[in-house]
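This is what each chain is made of:
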There are 2 protein chains.
Amino acid sequence: MDAERLLVETGLSGRKTAPRLATNRIIRGDCIEAMNALPAGSVDLIFADPPYNLQLGGDLHRPDGSQVDAVDDDWDKFSSFAAYDRFTRAWLKAAHRLLKPDGAIWTIGSYHNIFRVGAALQDEGYWLLNDIVWRKANPMPNFKGTRFTNAHETLIWAAKSENSRYCFNYHAMKAMNEDVQMRSDWLIPICTGNERLKDGGAKAHPTQKPEALLYRILVACTRPGDVVLDPFFGTGTTGAVAKLLGRRWIGIEREEKYARVAEQRIAGLLPLEGGAIEISEGKRAEPRIPFGSLVESGFVRPGTRLWGPGRRVGASVRADGSLDMAGRTGSIHQMGAAAQGLPSCNGWTFWHIEDDDGRLVPLDARRQAFRLTTAAGA
Amino acid sequence: MDAERLLVETGLSGRKTAPRLATNRIIRGDCIEAMNALPAGSVDLIFADPPYNLQLGGDLHRPDGSQVDAVDDDWDKFSSFAAYDRFTRAWLKAAHRLLKPDGAIWTIGSYHNIFRVGAALQDEGYWLLNDIVWRKANPMPNFKGTRFTNAHETLIWAAKSENSRYCFNYHAMKAMNEDVQMRSDWLIPICTGNERLKDGGAKAHPTQKPEALLYRILVACTRPGDVVLDPFFGTGTTGAVAKLLGRRWIGIEREEKYARVAEQRIAGLLPLEGGAIEISEGKRAEPRIPFGSLVESGFVRPGTRLWGPGRRVGASVRADGSLDMAGRTGSIHQMGAAAQGLPSCNGWTFWHIEDDDGRLVPLDARRQAFRLTTAAGA
DNA sequence: CCACACTCTGAATCTCCAA
DNA sequence: GTTGGAGATTCAGAGTGTG
């Protein structure tokens, strides 16, 4: 096994730093303490489903880990929101430290908490990429008829920083959506039926998320072998889908009963086999090939005539791979742009070449043929 | 007409105080100063479309080389999140003072600003009721393939306080949505075509909102005669729809060029007549493409006369998409059934509408046209 | 007059690598 | 850090023109 292969299989490919990290496990305990105990810059993607602060009670924790008591009439709104903000900023800061430079985070929430989470993300230095609307195909109605049916939840996708070269599998998303760009509104049913985990007859967790939601997120924003962390693991939907898709995962969960259910759930799963997790790649994933390589390899001979659409413009290939268009010279891209009066141009698709039957074929076809022959040799 | 009915139609129902207030006018100037000069507790509903603080980078070109006309106006530039927050909290505070005790506010924004606006609303004492997703039927694509198509904007609906008995015309919303509860995700086309105001050939305002959006909001959350204030009036969509629906309005606008366009626009409008703006008291029917969508989008105007086969029965379209047939009201299906003495009826095929030449065309043809423009409606 | 082709545009945080 | 060149990238709707 060569070094390149080893790097890929250990998930170190394409990442600047990758400290040793035990993955595919659940860490019991407070998520802020647990994250601070993990090595900085070690995680590719974080998915977080934090408490929604529905009535400012329940499972809300202060930054020091102590539990906030249930709704208390003595608390005014400001101090309650302030407590939620402190908690939010603390876990977002710990998450930020954990991410690799090109890492990213997804969070989910409702109108009760998502505005505070979104503002905190911006304040902590994350760079927002999209807000995504999960449109519930089967939401719970508003029984009293006092408001609109609350039929969606909001997700926020953010990179670690403005300069992060985050992972986005654009072509995979497009393929999943009938070959049109995936939009920011996703129609997905809520988690019901067999997918809904039971614990002694009752539902195991009150807010279990559908696997379809995590599936789309992980296909869109991770590569095989990436490390995915979920600091509010619950019953482990993130881990289940990560395992299915051949991603490594770490879950943090404070409640033993949830952790136990999650462990059983994930242990019983089998990952998709081999090629099943492959996704559509675009041209960006292909190795770059200078036009000059085709010339020096004889795929395109110097002096060959190239034509724009409808033969309205023509140019001649020179020995160094540049073009001569009526006396002006430059790259295939520069001359394509000049021919159209545009600021830029993809010369591979603009220029055409005559095949043996005199038909015009895009230059890009020659590049593809060149790739196939060189790949076979390598 | 009984007292209750009179109160509803004059907009005095359920309102504690109603100071004298000059309405149906545009105030030129800074919205915070202008709001502070108006009497406290005098406004029923505020609709606010504040600057989004987009933070755009360089030029953006479409794949065909054309340049996107960016929102680069000075009014959208802020030096920092902190500066934007100060601005936001200042106008929200002034708006809060203006509202009647049972008043409410709607704001709109994108992921660039909406989280800060939402958090500020909570901090200023407003009580969030819903977040609403405006799903754009025809959004601008992501030309570089770097993110999900940004296909929606977010609105927040909030009452002045937790104790406000805010106005929500539940049955009108249900009637507008084929007698199922209106959800929190709304599919509405962006503002284009004849509706898009021009000023010397160019678009008059870079971010003009569709009337269908304001139509739904005002039908849902106001009564005839209510005072609606828009502190970022722009080209006056709020005022135009308010006038159409028989609501009083106040617009505040800093830029003279926008105010002038808005003034002309609203002056040229006629309000809907009498019964057309009455909203449904509620009843029953069945789902699919909501007839109300055709009404709010302008495919069928309120007040339009519908005819049964051979013109043996007639009915008038009301503002919420229900019909008035000789005093009896209900959905297109209910009224079709009633007209024939049958238990049920497909209103789409029973009712006909006059085309420009006076010929009767089935309502279903309009639905088909609507489907084509909104891409399936679902 | 109809069918079809072509053009224009919209609140957008819109590339990546080597030198 | 910056700069410059290679080269990848779009959907729906409305308006206009042509045969």
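Coordinates for the structure precede this section.
Here the structure is a predicted model, which is why all the values come from computation and not from measurement.

## Considering the overall build of chain A
- Along its length, chain A carries 12 helices and 16 strands.
- Relative to its 378 residues, chain A shows a buried fraction of 50%.
- Accessible area for chain A stands at about 18,100 Å²; split by element, carbon and sulfur atoms hold 51% of it.

## Details of the environment of Ala 220 of chain B
- In this fold, Ala 220 of chain B is placed in helix H6 (residues 211–221).
- Separated by 100 residues in sequence, Ala 220 of chain B and Asp 320 of chain B place their C-alpha atoms 9.2 Å apart.
- Setting aside its immediate chain neighbours within four residues, Ala 220 of chain B contacts Phe 148 of chain A together with Cys 167, Phe 168, Asn 169 and Met 173 of chain B.

## Some points on the pattern of salt bridges
Residues and elements named next belong to chain A.
- As enumerated under the stated definition, the model contains 38 salt bridges over all chains in all.
- Where Asp 49 meets Lys 209, a salt bridge forms, and the shortest distance between an N and an O atom there is 3.0 Å. One end of the pair, Asp 49, is in the loop between strand E2 (43–48) and helix H3 (77–98); the other, Lys 209, is in the loop between strand E8 (202–203) and helix H6 (211–221), and 160 residues separate them in sequence.
- In this structure Asp 49 comes out as buried when scored by relative accessible area, which is 13%.
- Here Lys 209 falls in the buried class, since its relative accessible area comes to 6%.

## Structural notes on a nonpolar patch on the surface
Residue and element names in this part refer to chain A.
- A surface patch of nonpolar side chains, about 240 Å² in accessible area, is lined by Met 176, Tyr 215 and Leu 272.
- Secondary-structure assignment places Met 176 in helix H5 (residues 170–176).
- Note on Met 176: relative accessible area 38%, which makes it partly exposed.

## Overview of the environment of Val 219 of chain B
- On the secondary structure map, Val 219 of chain B appears in helix H6.
- Here the alpha-carbon distance between Val 219 of chain B and Glu 278 of chain B, two residues 59 residues apart in the chain, equals 9.6 Å.

## Here's the deal with the packing of aromatic side chains
- Throughout the structure, instances matching the rule amount to 34 aromatic pairs over all chains.
- With a centroid separation of 5.7 Å and an interplanar angle of 15°, the aromatic rings of Trp 106 of chain A and Trp 157 of chain A are classed as stacked. Highlighted residues: Trp 106 of chain A in strand E3 (residues 99–109) and Trp 157 of chain A in strand E5 (residues 152–159), separated in sequence by 51 residues. Here Trp 106 of chain A matches Trp 157 of chain A in class, with each residue buried.
- An aromatic cluster of three or more residues is present, and its members are Trp 106, Trp 157, Tyr 166, Phe 168, Tyr 170 and Trp 186 of chain A together with Phe 148 of chain B.
- In this structure, Arg 305 of chain B packs its charged tip against the face of Trp 307 of chain B, placed 5.3 Å from the ring centre.

## Let's talk about the pairing of E3 of chain A
All names here are of chain A.
- The buried count for E3 comes to 10 of 11 residues, which makes it a mostly enclosed element.
- Bridging between E2 and E3 involves 5 bridges; their strand directions are parallel. Residue Val 43 lies in a different strand from E3, and its bridge partner there is Leu 99.
- Summarising the sheet, E3 and E5 pair through 6 bridges and their orientation is antiparallel. The residue bridging Thr 107 from the neighbouring strand is Ile 156, located in E5.

The rules we used
Residues numbered from 1 in each chain as written. Chains lettered and ligands numbered in written order. Predicted model: local features only at pLDDT ≥ 70, side-chain atom pairs only at ≥ 80, totals over all residues. Heavy atoms only, no water. Helix = DSSP H or I, 4+ residues; strand = E, 2+ residues; numbered from the N terminus. Buried < 20%, exposed > 50% of the residue type's maximum accessible area, 1.4 Å probe, protein only. Areas by Shrake-Rupley, 256 points an atom, 1.4 Å probe, with all protein chains shown as cover. Contact = heavy atoms within 4.5 Å. Salt bridge = Lys/Arg side-chain N within 4 Å of Asp/Glu carboxyl O. Patch = residues over 30% accessible without salt bridge, like charges linked within 9 Å, V, L, I, M, F, W, Y side chains within 5 Å. Phe/Tyr/Trp six-rings, centres within 6.5 Å; stacked < 30°, edge-to-face > 60°. Lys NZ or Arg CZ within 6 Å of the ring centre and 35° of its normal. Pairing = 2+ DSSP bridges.

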